[in-house]
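# Inside the fold
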Amino acid sequence: MIRAVLFDMDGILFDSERAYMEGNLKVLRSLGYTGRDSGLYGVIGKNMDGVYHYFYDLLDHKVPYEDVKRADDQYFVDHPVDFKSIVFPDVPGTVQKLKRDGKILAVCSSSPKDVIDQCLAEIGLAEYFDFAISSDQVDRPKPAPDVYLHAMRVLGLSPLQCIVYEDSADGIAAAKNAGLRVIAREDKRYGQDQSAADWIVKDSTGMYERVLLEDQDGRSVSN
C-alpha cells in the first residue's frame, strides 16, 4: 500500500511554469539574450542557484552573474506571481481525497523553502501537507535524489511505500535516482523529456486513479 505521495510544486500544484517562463524571457531579453525562447526550457526543475547559472550561461557570461541574479529577482518582486489564480482546478479536490484516504502528503520542490510555505498558504492547501522540503535544504539539487531521499528518511518510509508526482525531466530523474515510482503530469509546452516516468497522466485526477491502482497491486508494501 502507498503510504505517501510526494509532490513537486511548480507545474504540479499550479501552472507557475508559464508565469516564470514569460517573466524570465523578458529579463533575459532585457539583458541581451537573442536566442530562441526554447533555450530557456532547460531551466525547469532547477533550484534558484541553478536558474541563475543557467541564465548566466545563456548570456555567454557577458553579463555578470550577480547582475543576472539581481535582475531576475527584481522582476518577480515587481511582478509577483498570483499563485491562487493559477492553481490547477483539479488539484484541491485530489489533495483532499488523498488526505481522506489517509495518505501522507509532502512537497519536495526546487523552490526555496520560504516560497514553498508561502505558496501552500496562498493557495489554501498548507493544512493538507504533512511535510515540505526544498532542494536548497539538501546537499545536491534535482536531478540528484537528495531531496526525495531526505523526505523518505524524515517520513520513515521506503521507496515502495511512496509515489512521486512530478513534471520536469530533472524532477523525474531525481525521483528515479531515489528508487521511486513516478507519475508525470503531461506537459508538452516546454520540451520536457518525461519518458523516464513510470506513468504519464493528464492531471491530478489521473494521478489519484493510478495511486488507487497501485494500492490494489499485490506488489505494494503496506508496512
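Our structure is the block above this text.
Residues numbered from 1 in each chain as written. Predicted model: local features only at pLDDT ≥ 70, side-chain atom pairs only at ≥ 80, totals over all residues. Heavy atoms only, no water.

## Quick word on the overall build of the protein
Looking only at helices and strands, one finds eight helices and six strands in the protein. Seen through its principal axes, the protein has C-alpha atoms that stretch 55 × 30 × 30 Å. The buried share of the protein, reckoned over its 223 residues, is 50%. Considering only residue pairs separated by 6 or more positions, the protein has 63% of its internal contacts joining residues 24 or more positions apart. Of the roughly 10200 Å² that the protein leaves accessible, carbon and sulfur atoms contribute 50%. (Helix = DSSP H or I, 4+ residues; strand = E, 2+ residues; numbered from the N terminus. Buried < 20%, exposed > 50% of the residue type's maximum accessible area, 1.4 Å probe, protein only. Contact = heavy atoms within 4.5 Å. Areas by Shrake-Rupley, 256 points an atom, 1.4 Å probe, with all protein chains shown as cover.)

## So, the sheet that holds strand β4 (residues 162–166)
Backbone hydrogen bonds hold the strands of a sheet together, and the pairing may be parallel or antiparallel. With parallel pairing, six strands are arranged side by side in an open sheet as β3-β2-β1-β4-β5-β6. At either margin of the open sheet sits one strand with a lone partner, and together these are β3 (131–134) and β6 (199–201). When strand polarity is set aside, the average angle formed by the axes of neighbouring strands in this sheet is 25 degrees. Pairing geometry for strand β5 (residues 181–185) and β6, over three bridges, is parallel. If you follow Ile183 over to β6, its bridge partner there is Trp199. Along the sheet, helix α5 (residues 113–122) contacts β2 (104–109) and β3; its crossing angle with β3, the most-contacted strand, is approximately 140 degrees. (Pairing = 2+ DSSP bridges. Axes fitted to C-alpha atoms, helices over the stretch in contact; angles between N-to-C directions.)

## Focus: the packing of aromatic side chains
According to the stated counting rule, one finds nine aromatic pairs in the structure shown. An angle of 85 degrees between the planes, with centres 6.0 Å apart, marks the rings of Phe7 and Tyr165 as edge-to-face. With Phe7 in strand β1 (residues 4–7) and Tyr165 in strand β4, this residue pair connects regions lying 158 residues apart in the sequence. Residue classification places Phe7 among the buried residues on the basis of a relative accessible area of 1%. Classification of Tyr165 by relative accessible area gives buried; the value is 1%. Within the aromatic cluster, the residues linked to one another by ring pairs are Phe7, Phe129 and Tyr165. Above the face of the Phe88 ring, Arg185 is positioned so that its terminal group lies 3.7 Å from the ring centre. (Phe/Tyr/Trp six-rings, centres within 6.5 Å; stacked < 30°, edge-to-face > 60°. Lys NZ or Arg CZ within 6 Å of the ring centre and 35° of its normal.)

## A few points about the side chain of Arg185
Relative to the helices and strands, Arg185 is located in strand β5. Within the buried core, Arg185 has no salt-bridge partner, and the shortest N-O distance to an opposite charge, that of Asp187, equals 4.7 Å. In contact with Arg185, not counting residues within four places along its chain, are Gly11, Ile12, Phe88, Tyr165, Glu166, Asp167, Gln194, Val201, Lys202 and Asp203. (Lys, Arg positive; Asp, Glu negative; His and termini not counted. Salt bridge = Lys/Arg side-chain N within 4 Å of Asp/Glu carboxyl O.)

Limitation: the analysis is restricted to geometry and does not speak to function.
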